[in-house]
Amino acid sequence: MPLKAELHCHIEGAAAPELVVRQAQKYGKDVSPFIQNGSFVWNDFTSFLAAYDFAADLFRTEEDYARLSEHYLTSLARDGAIYSEVFTSPDHAIKAGLSPKAYTDALGEGMLRAKAKTGIEGRMIVTGVRHVGVESIEAAARFAARCNHPLVTGFGVAGDERMGEFEDYVRAFEIAREAGLGITIHAGELLGWESVAQALDHIKPSRIGHGVRAIENPDLVKRIADEGIVLEVCPGSNIALKVFDSFADHPFPKFRAAGCKVTLSSDDPPYFWTSLKREYDIATEHFGMDDKALMATTRTAIEAAFVDRKTKAALLARLDGHKR
Ligand SMILES: Nc1ncnc2[nH]cnc12
Ligand SMILES: [Zn+2]
C-alpha cells in the first residue's frame with residue numbers, strides 16, 4: 001500500500017453521516033432533509049453547502065470537535081496516511097457557539113490524540129469563507145496570525161467561488177503571510193481558468209485548492225508548471241460536483257504530463273462518497289498510476305506541506321524508508 005498525505009480536507013466536511021446523525025440526536029435536530037439512507041442528500045454546490053452547514057452546526061462543544069479530528073486522522077492513518085492538513089473554519093465554530101480559540105485548541109487536541117495512537121502528523125489551515133464575506137475572511141486571517149497554536153500553519157479561503165473578488169482578499173492574505181503562514185486558496189473549481197489566473201496574480205499562493213479548470217488555458221498550465229504551483233486536486237469531489245463529466249475526462253493526467261505539481265485529496269469525503277484511499281485508488285484505476293507514481297505524489301504533497309523543516313525531513317525519511 002502506498003503511503004499517503006492529504007493537503008485538502010475540510011474538517012467539518014469529514015464528518016461521516018453516522019456521526020452527524022449521532023450529533024443530531026444529541027442536540028435534538030431532525031436530519032431527514034440532509035441525510036437519507038445513511039447518505040448526505042444534495043444535488044448541486046448550493047445544496048451541498050446547505051447540507052454541510054447543517055452538519056457543521058451539530059458540532060458545538062470542544063469534545064465534539066476533538067472527537068471529529070481524532071476520528072478523521074485516525075481513519076486516514078489506517079488507510080496509510082502519514083500526514084494530514086485540515087481546513088478549519090472559525091466562522092462555523094462561531095455559528096455553533098464556540099470561540100475560534102476553543103475550537104482550534106479542541107481540533108488540535110484531537111489531532112494529537114490521533115498522532116499518539118497512529119503516528120500521523122496533522123496541521124491546520126485556518127480558512128475564511130467567501131460567501132460569508134470579506135470582513136469575516138480578514139477576521140479569520142487575524143485569528144490565524146495571532147492564535148499561536150503550534151499546529152496552525154496555513155491560511156486559506158474556501159466557500160462559494162462565484163461570490164466575491166480575489167482582489168478583496170489581498171489584505172487578509174497579507175496578514176497571514178506576514179505571520180509566516182503557508183498560503184492556499186480555492187480557485188478553478190466552480191469557475192474557469194480566469195479564476196485560477198486571478199488567484200495567482202492577486203494572492204500569490206504556493207498552492208491552489210483544486211485549480212483544475214486551469215486546464216482550459218494551456219498558457220496557464222505552463223505558468224503553473226513553471227512557477228511550481230502545487231494543485232490540491234480532489235478528483236472524487238470534482239466528479240460528484242460535476243466539474244467534469246467523468247474520471248476519463250478529469251485533467252489530472254494532463255497536468256502531470258505538463259510537469260505540474262499535483263497532489264490527491266478528498267475535500268469533503270462522505271459528501272462525495274470518497275476517502276483519501278479512494279482518491280489514490282481512482283488514480284490507479286483511471287489515471288494509470290502505479291504505486292511508484294502514487295508515492296511520488298505523496299512526496300510532492302509532503303514537499304508542499306505547511307510544516308516546519310524538521311518534521312518535513314522526518315516525513316520524507318519515512319517515505320524513503322518505505323521504498324526500500
Ligand atoms: N469543495 C469546496 N469548495 C469550496 N468550498 C468548500 N467548502 C467545503 N467544501 C468546499
Ligand atoms: Zn475544498
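Everything numeric in this text was worked out from a predicted model, so none of it was measured. (Residues numbered from 1 in each chain as written. Chains lettered and ligands numbered in written order. Predicted model: local features only at pLDDT ≥ 70, side-chain atom pairs only at ≥ 80, totals over all residues. Heavy atoms only, no water.)

### Thoughts on the packing of helix α3 (residues 62-78) against helix α5 (residues 100-118)
The criterion, for reference: Angles shown run from 0 to 180 degrees and are taken between the N-to-C directions of axes, each axis being a line fitted to C-alpha atoms and, for helices, limited to the stretch in contact. A run of H or I in DSSP counts as a helix once it spans at least four residues, and a run of E counts as a strand once it spans at least two, with each numbered from the N terminus. Left-handed describes a crossing in which the near helix is turned anticlockwise from the far one by less than a right angle; the clockwise case is right-handed. We call two residues in contact when some of their heavy atoms are within 4.5 Å. In this classification, the charged set is Asp, Glu, Lys and Arg, the nonpolar set is Ala, Val, Leu, Ile, Met, Phe, Trp, Tyr, Cys and Pro, and all remaining amino acids, among them Gly, are polar.
Where α3 meets α5, the axes come as close as 7 Å, and the angle between the chain directions of the two elements is 35°. The handedness of the crossing between α3 and α5 is right-handed. Across from E62, E63, Y65, A66, R67, S69, E70, L73, T74 and A77 in α3, the residues of α5 making contact are A102, Y103, A106, L107, E109, G110, M111, R113, A114, K117 and T118. Tallied by class, the residues present in the contact of α3 with α5 amount to ten nonpolar, four polar and seven charged.

### Observations regarding the UniProt feature "binding site: Zn(2+)" (unreviewed entry) in the protein chain
Inclusion rule: UniProt positions are given in the numbering used here, feature names are shortened, and annotations may be inferred rather than shown by experiment. Note on definitions: the grid is 1 Å and covers protein atoms alone; a cavity is a set of points where a 1.4 Å probe fits but cannot get out; a pocket is an open set with protein on both sides within 12 Å along at least five of seven lines; lining residues have an atom within 4 Å of a point. Within 3.5 Å is the distance limit for a polar contact, defined as a pair of N or O atoms, with the added protein rule that one can donate a hydrogen and the other accept it, and that residues adjacent in sequence qualify only through two side-chain atoms.
Sequence positions flagged by UniProt for "binding site: Zn(2+)" (unreviewed entry) are, in local numbering, H8, H10, H186 and D267. A maximum C-alpha distance of 11.8 Å is found for the annotated residues, which run over 260 residues; spatially they form one tight group. As for the annotated residues, the ones lining the largest cavity are H10, H186 and D267. Within the fold, H8 resides in the loop between β1 (4-6) and α1 (17-26). With sequence-adjacent residues up to four places away left out, H8 is seen in contact with E85, F87, H186, G209, H210, E232, C234, S265, S266 and D267. Polar contacts involving the side chain of H8 include one to the side chain of H186, which spans 3.1 Å. Inspection of the secondary structure assignment puts D267 in the loop between β10 (261-264) and α12 (276-287). Not counting residues within four places of it along the chain, the set of residues in contact with D267 comprises E6, H8, C9, H10, H186, E189, H210, C234, S237 and F272.

### What to know about the site of ligand 1
This is how the line gets drawn: For this description, a residue counts as near a given molecule or strand if any of its non-hydrogen atoms is within 4 Å of it. A 1.4 Å probe and the Shrake-Rupley method give the accessible areas. Residues count as covered only by the protein chains that appear here. Think of it this way: if more than half of a molecule's atoms are within 2 Å of a pocket's grid points, that molecule is in the pocket or cavity.
As a structural note, the neighbourhood of ligand 1 is formed by H10, F45, F48, Y52, A158, G159, H186, E189, H210, D267 and D268. Coverage of ligand 1 by the protein amounts to 97% of the 260 Å² it exposes when considered alone. Among the cavities detected, the one that contains ligand 1 is the largest cavity. Residue classes in the shell around ligand 1 are distributed as four nonpolar, four polar and three charged.

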